[in-house]
Amino acid sequence: MALISRKSFQLYSTSTPASRSALMTLSKRLNFISGQRKPQSSSSVAMRMLCVKDKSQYTFCRKKHVQLQMQSLSVNEAVHLCGDTRNCTKSNNVWMDEQLFFKKLNNLGTSKEIFCFLSSLEVMSDTMASGALQKISEVEVDDNGLKNPGLLENEVFRALCFQFEFESSKLSNTGLLNALQALTKLRIDPQSTLMTSLLSESEQRLGRGQLTAENLCALGESLLELEGPSCATLEQIVNRMQERDIRSWSPREIVMVYQILQVTVREGKQCQSLLNKLNSVTLCAVSRLSPNFVSVILNSLVVLHQTRAVLLVTALCKHSVQHVPYFTDHELINVLEAFLYFGQKMQIFTEALERHVPNSIHTLHPQTVSKVMQYCCKKLILSKPIFDAVAESFISSADRLTTDQIAAYIIPFGTLNYLPPSASSLFRKLETVLHTRLRQFQPHTLLNLLHSCVLIQRYPINFLPKIFSPYFLQKLQAQPPGLNRVVTSQLTQLFLTVTLECPFYEGPKLLSKYQVKAFHTPQSSPDVHLFKRVKTGLLYLLKKRIYFASEVSTPFFYVVDIEIKLDEEGFVLPAAQLEEVHRRIALCVDGQNRFCAHSHNLLGEEAIKQRHLQLLGYEVVQIPFFEVESLQNTRKIADYLHKKIFPCTNGLSN
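Residues numbered from 1 in each chain as written. Predicted model: local features only at pLDDT ≥ 70, side-chain atom pairs only at ≥ 80, totals over all residues. Heavy atoms only, no water.

Describe the side chain of Glu 563, and please don't skip the residues or the numbers.
With respect to the helices, strands and loops of the structure, Glu 563 is situated in strand E8 (residues 559–566). By relative accessible area, which is 5% here, Glu 563 ends up buried. Looking at Glu 563, its side chain comes within polar contact range of the side chain of Arg 584, at 3.2 Å. Discounting residues that sit within four places of it in the chain, Glu 563 has contacts with Phe 548, Ala 549, Val 552, Arg 584, Ile 585 and Tyr 618. (Helix = DSSP H or I, 4+ residues; strand = E, 2+ residues; numbered from the N terminus. Buried < 20%, exposed > 50% of the residue type's maximum accessible area, 1.4 Å probe, protein only. Polar contact = N/O pair within 3.5 Å; in protein donor to acceptor, adjacent residues only side chain to side chain. Contact = heavy atoms within 4.5 Å.)

Describe the side chain of Glu 201, naming the residues involved and giving the relevant values.
Along the chain, Glu 201 falls in helix H7 (residues 193–207). Overall, the relative accessible area of 8% leaves Glu 201 in the buried class. Among all residues touching Glu 201, those that are not within four sequence positions of it are Ser 168, Ser 169, Leu 176 and Arg 208.

Explain the nonpolar core residue by residue, including any values.
Ranked by internal contacts, the top residues of the largest apolar core, which has 166 residues, are Leu 183, Ile 237, Phe 349 and Ile 467. If we skip the residues at most four places from it in the chain, Ile 237 touches Leu 206, Leu 216, Leu 219, Gly 220, Leu 223, Met 256 and Ile 260. (Core = buried A, V, L, I, M, F, W, Y, C linked by side-chain atoms within 4.5 Å.)

Describe in detail the pattern of salt bridges, supporting the description with residues and values.
Applying the stated criterion to the full structure yields 19 salt bridges. Two residues, Arg 208 and Glu 201, come together in a salt bridge whose shortest N-O distance is 3.9 Å. Arg 208 sits in the partly exposed class, given a relative accessible area of 48%. Three or more residues are tied together by salt bridges with common partners; here these are Asp 561, Asp 590, Arg 594, Glu 606 and Lys 609. (Salt bridge = Lys/Arg side-chain N within 4 Å of Asp/Glu carboxyl O.)

If you had to explain the environment of Leu 301 to someone new, which residues and values would you point to?
As for its position among the elements, Leu 301 is in helix H12 (residues 291–303). Take Leu 301: its relative accessible area is 0%, and that puts it in the buried class. Remark: the alpha-carbon pair of Leu 301 and Asn 279, spanning 22 residues in sequence, is separated by 9.2 Å. Not counting residues up to four positions away in its chain, the partners in contact with Leu 301 are Tyr 258, Asn 279, Gln 306, Leu 312, Val 313, Leu 316 and Phe 342.

Tell me about the confidence of the model for the protein, and please be specific about residues and values.
Detailed conclusions should not be drawn from predicted coordinates in areas where pLDDT is low. Looking at the protein as a whole, the pLDDT averages 83, with 83% of positions reaching at least 70. Every residue in residues 1–80 scores below 50 in pLDDT, and together they form 186 contacts with partners more than four places removed in sequence or on other chains. (pLDDT = per-residue confidence, 0-100.)

Mind laying out H12, listing which residues take part and the relevant values?
Taking 1.5 Å as the rise per residue, H12 with 13 residues should run 18 Å; its terminal C-alpha atoms sit 19 Å apart, in good agreement. Counting buried positions over the 13 residues of H12 gives 10, a clear majority of the element. Burial in H12 covers these residues: Pro 291, Phe 293, Val 294, Ser 295, Val 296, Ile 297, Leu 298, Ser 300, Leu 301 and Val 302. Positive phi shows up at His 305, right after H12, with a value of about 55°. (Expected span 1.5 Å × (residues − 1).)

Run through unusual backbone geometry, naming residues and quoting values.
In this structure, Pro 481 follows Pro 480 across a cis peptide bond, with omega equal to 5°. Here Pro 481 lies in the loop between helix H22 (470–478) and helix H23 (485–501). Phi is positive for Glu 551, which is not a glycine, with a value near 50°. With respect to the helices, strands and loops of the structure, Glu 551 is situated in strand E7 (residues 549–553). Overall, Glu 551 belongs to the partly exposed group, its relative accessible area being 46%.

Residue-level account of the environment of Leu 603, with values.
By the secondary structure assignment, Leu 603 is in the loop between strand E10 (583–590) and helix H25 (604–615). When the C-alpha positions of Leu 603 and Phe 413 are compared, they lie 9.8 Å apart, and in sequence the two are 190 residues distant.

Quick one: what's the story with the pairing of strand E11 (residues 619–624), residue by residue and with numbers?
Sheet analysis places E10 next to E11, joined by 6 bridges and oriented parallel. Bridge pairing links Ala 586 to Val 620 in E11. Handedness of the E10-H25-E11 crossover: right-handed. (Pairing = 2+ DSSP bridges. Right-handed = clockwise from strand over helix to strand, strands pointing away.)

Outline the packing of aromatic side chains, listing residues and values.
For any pair of aromatic rings, the description rests on two quantities: the centre-to-centre distance and the angle between the ring planes. Per the stated rule, a full pass over the model turns up 17 aromatic pairs. Taking the centre distance of 5.7 Å and the plane angle of 50° together, the rings of Phe 519 and Phe 557 count as tilted. Of this pair, Phe 519 sits in the loop between H23 and helix H24 (528–542) while Phe 557 is found in the loop between E7 and E8, placing the two residues 38 residues apart along the sequence. Here Phe 519 matches Phe 557 in class, with each residue buried. What links up through ring pairs into an aromatic cluster is the set Phe 101, Phe 102 and Phe 117. Taking NZ or CZ as reference, Lys 543 lies 5.4 Å from the ring centre of Tyr 540, over its face. (Phe/Tyr/Trp six-rings, centres within 6.5 Å; stacked < 30°, edge-to-face > 60°. Lys NZ or Arg CZ within 6 Å of the ring centre and 35° of its normal.)

Tell me what's going on with the pairing of E7, and back it up with residues and numbers.
Here E7 runs beside E8; their pairing, made up of 4 bridges, is antiparallel. Bridge pairing links Ala 549 to Glu 563 in E8. Here E7 folds back onto E8 in antiparallel fashion, the turn holding 5 residues, of which Phe 557 has a positive phi close to 80°.

Right under this line is the structure:
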């Protein structure tokens, strides 16, 4: 987390010791009223501004509060806060009801408007003041941090901070903890005297048991945001919360405890017993969870490795479908990561993404788009609406993407064997990016990217000399995962591709020591059940097992599911015969594992295999699962195979 340094947030450091002492003395004289104390008089709750006569002399001023001009880094005016507004009188329009205050505050859109609004008030409760700080944090903080660090020098902001620091013991719980949350979000240095004062007071009240459930949530959220909280303090919050029946916890409390448990687990604490209870309670509360809460809980379940909480994970994933349009980028990434970690794949979730992503592609963060593509790739989901939108987005925004994001955008096209309508522009843009940024790519990222291109017949000829160079291969070997079987298979397939499909390539070749003997991918092995049915049908058709061979290794790295040899006249030869072989038929028994999910579209690895087998002289006959699964008996399968393999001969005799 980016924090404002102490140097840039020393509210009072440049004032003289005398003036600082005077401020502290005066802060004690201020009649600060907490939510539990009865005001002594109407004048005691009025706003009192500290005005500077010089650097060492301060006087009270009640009439010039609208000026709020500071002559030095010392705090010259301080908004005087009061904790209980109900007992305060209205006079000369200087007092505003809390409900009206927050109504007006919520309609303000900039910190300048908020400061102007606060300057018009003479008195406000600490709840109102902390609410103003929270509103400032909402409008001034985004995913990149504080938008305008200059706001920390604003005199109204500094006056509020001064009051909160030196009157922390008199604040109401709500005022104290809301202020702590807001200042934490504004990236104020936790080592500053302001934050130290608020944290110390909060922890003291925690120890005395003075905090309500809502207060405990606010404190816990602040400590978690500070990224370095005391595990003991967080455990104390959980212990206080467990004094109440866990079944009565609100969604906010549930979420906060999940986050705390993430921290305690990282420090080696065991908490599975509490997690089991929490998971059970959360399951009953799923329907009440907001998009943010769903995202946070799913992320916690991932971090906490809750693989046994199947019912809860499934319920959260189903509930997330309705929230897809409302997730922030970070929240959607958390949800997608949970789907991947727990192996969840729901058609209704994919459909929700298909409605959301194409319409939001230009506003989604590139990392979110990358995660969506990773999800589709890992789950083998070929969503044409998403892929087409991502292709168009890449064409217009590739120059702003990181190298990892470029790879994440492009690799799924090859993996799932899909060319979008804008394919020519897409790969022309990719080539331009590679020419200008080739050196920026990590070796394994570049290899994965170029390998995915050849799967869909896009040949990176200009970049292969680099890939096959000894220097690049050494870099591959030096970085994890090194030259493992997957990497060498990719290299070998790249080499085989240029040999078979790009005969004009005259660059460096891949040395034999980097080549594999056979390609092995998750899809290389045939579906066992389908394979057995096809072999049974072949045996019925050819009468003897000697006339076909299964899982045959070739000299060209591929394994053929079933091979049938024919002589010049078209008669079937024994599989073991080597002479007089005129034709070789390769049967590709393609189960569901070789297709995109819920699709008849072959995956890239299987498509390139069948393409290469044809170039190597095989007659490729595809036996897809969806053509065989409806055949009810061996006779029908044999008849089907006869038509597929020997379409020009008569059918089977009865």
